[in-house]
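Residue-level listing of the chains:
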Amino acid sequence: AQELCSAVEQDNAALQKEKEETEQRIQEVKNTRELIQENLQQHNPLEDIIQSLQMLPALPERNLVFKGLVTDKEDTNKLMLTPLIRYPLQGGSALITFEKAEVAQRVIEVKEHMVELSNGESLEELDRCQMRVQASPVDVLLPSALEIGLARSSRSILVSGLPSRVIPEEILLDKLELFFSKTKNGGSEVESREFLDDCGQVVLTFVHDGVAEQLIARGQVQVPIGKAKYKLKISPYMRGQVTNIQFQPSRCARTVLLSGIPDVLAEEPMRDALEIHFQKESRGGGEVDTLGYVPAGRRAVAVFSE
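Residues numbered from 1 in each chain as written. Predicted model: local features only at pLDDT ≥ 70, side-chain atom pairs only at ≥ 80, totals over all residues. Heavy atoms only, no water.

S.K.: Describe the overall build of the protein, naming the residues involved and giving the relevant values.
M.R.: Across its full length, the protein holds seven helices and twelve strands. Within the span of the protein, comprising 306 residues, buried residues form 31% of the whole. If you take every contact in the protein between residues at least 6 apart in sequence, the share linking residues at least 24 apart comes to 70%. A total of about 19,500 Å² of accessible surface is found on the protein, and carbon and sulfur atoms cover 48% of it. (Helix = DSSP H or I, 4+ residues; strand = E, 2+ residues; numbered from the N terminus. Buried < 20%, exposed > 50% of the residue type's maximum accessible area, 1.4 Å probe, protein only. Contact = heavy atoms within 4.5 Å. Areas by Shrake-Rupley, 256 points an atom, 1.4 Å probe, with all protein chains shown as cover.)

What follows is the structure, encoded as structure tokens:
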């Protein structure tokens, strides 16, 4: 009986110890969960992903511009895609953009236009001072679907909120490297630094693991630059790669391609002659917004933005 009681007491003690350990683990999980929720409230990783997309230094050569757009609390974390179309132009052609789409449509429907080059009085002179040009629509390819694969660098941080053009770029990088290489500032030895010129932000990569995560957890640091201190934001550095992209044809509503333009006038007089002709309502034209002309024997690239 004594041996049985002793065994029961040992089992009870083991069960009590296991219960205490279980309760301790449950409390640790609760604490971790509360800490994660607190960090999410102070630091939105999706917002950092969107901001990092603005600084992608090397997108494929499809001339796309990515912009993060935040309108209000209910409409955040949206990725906006703005096409930047490069349209090749051969010599003896022009692109003319009208203020109204219906004017462009009328010009395209006529197809062939006789453009007067001078104000002659006799019929014979008019015949000699006219040229025939063809009008056609401008079709471009716009992205309809896009997939981007993101990879977060474990030893890099993105530093934003920098003073704009207060000091030269190289000096700014030196000051940042000096600050973040000190352990008292939460940093360590810096392996590389890169200034993202298109967004005015800096990528710092550390030699050792774990340094970047500690700085990202802080979110913000005050860094002395020049005679002032700046509160800089520390975010994860994301690298993106386009994994899939699909296009659909789209027609420019207000722009017309003019082709077959002979090399009979200098560049400026020819541009003036085309603009004067297509501004006249009596010939189906209207107010011209932009006109770009490429003389014969040359080539150019027209850029279409939103």
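S.K.: I'd like a description of the environment of Val207, backed by residues and values.
M.R.: Structurally, the position occupied by Val207 is in the loop between β8 (201–206) and α6 (211–218). Owing to a relative accessible area of 32%, Val207 belongs among the partly exposed residues under this scheme.

S.K.: I'd love a proper account of the layout of surface pockets, names of residues and values included.
M.R.: If you add up the space inside the largest pocket, you get close to 580 Å³. Forming the boundary of the largest pocket are 24 residues, of which Cys252, Thr255, Val303, Phe304 and Ser305 lie nearest the centre. Elements with a contribution of two residues or more to the lining of the largest pocket: β3 (85–89), β4 (93–98), β6 (130–160), β10 (228–259), β11 (288–294) and β12 (300–304). Counting residues per element, the lining of the largest pocket draws most heavily on β10, at six residues. By residue class, the composition of the lining of the largest pocket is 15 nonpolar, six polar and three charged. (1 Å grid on protein atoms, 1.4 Å probe; cavity = no way out; pocket = protein on both sides within 12 Å on 5 of 7 lines; lining within 4 Å. Points joined across faces, edges and corners; volume = space filled by probe spheres on them. Nonpolar A, V, L, I, M, F, W, Y, C, P; charged D, E, K, R; others polar.)

S.K.: Explain the environment of Gln279 residue by residue, including any values.
M.R.: Within the fold, Gln279 resides in helix α7 (residues 267–279). By relative accessible area, which is 30% here, Gln279 ends up partly exposed. Sequence-wise, Gln279 and Phe98 are 181 residues apart; in three dimensions their C-alpha atoms are separated by 8.9 Å. Leave out the neighbours within four places in its chain, and Gln279 touches Gly285, Gly286, Glu287 and Val288.

S.K.: Run through the pairing of β6, naming residues and quoting values.
M.R.: As defined by bridge partners, strand β5 (residues 112–116) adjoins β6 across five bridges and the pair is classed as antiparallel. Among the inter-strand pairings, His113 is bridged to a residue of β6, identified as Val133. Of the strand pairs in this sheet, β6 and β10 are connected by 21 bridges, and their pairing is antiparallel. Its bridge partner lying in β10, Ala151 is registered against Arg239. (Pairing = 2+ DSSP bridges.)

S.K.: Lay out the pattern of salt bridges in plain terms, naming residues and giving numbers.
M.R.: Under the definition given, this model contains 13 salt bridges. In this structure, Arg283 engages Glu116 in a salt bridge whose closest nitrogen and oxygen atoms are separated by 3.5 Å. With a gap of 167 residues between them, Arg283 in the loop between α7 and β11 and Glu116 in strand β5 connect regions that are remote in the sequence. As a salt-bridge pair, Arg271 and Glu268 come within 2.9 Å of each other at their nearest N and O atoms. One end of the pair, Arg271, and the other, Glu268, are both in helix α7, three residues apart, so they sit about a helical turn from each other. Through salt bridges with shared partners, a single ionic network connects Glu170, Asp174, Glu177 and Arg193. (Salt bridge = Lys/Arg side-chain N within 4 Å of Asp/Glu carboxyl O.)

S.K.: Quick rundown of unusual backbone geometry? Include the residues and the values.
M.R.: Phi angles above zero are rare outside glycine, and Lys111 is one such case at about 70°. Locating Lys111 in the fold gives a position in the loop between α3 (101–110) and β5. On the basis of relative accessibility, which here comes to 57%, the residue Lys111 falls in the exposed class.

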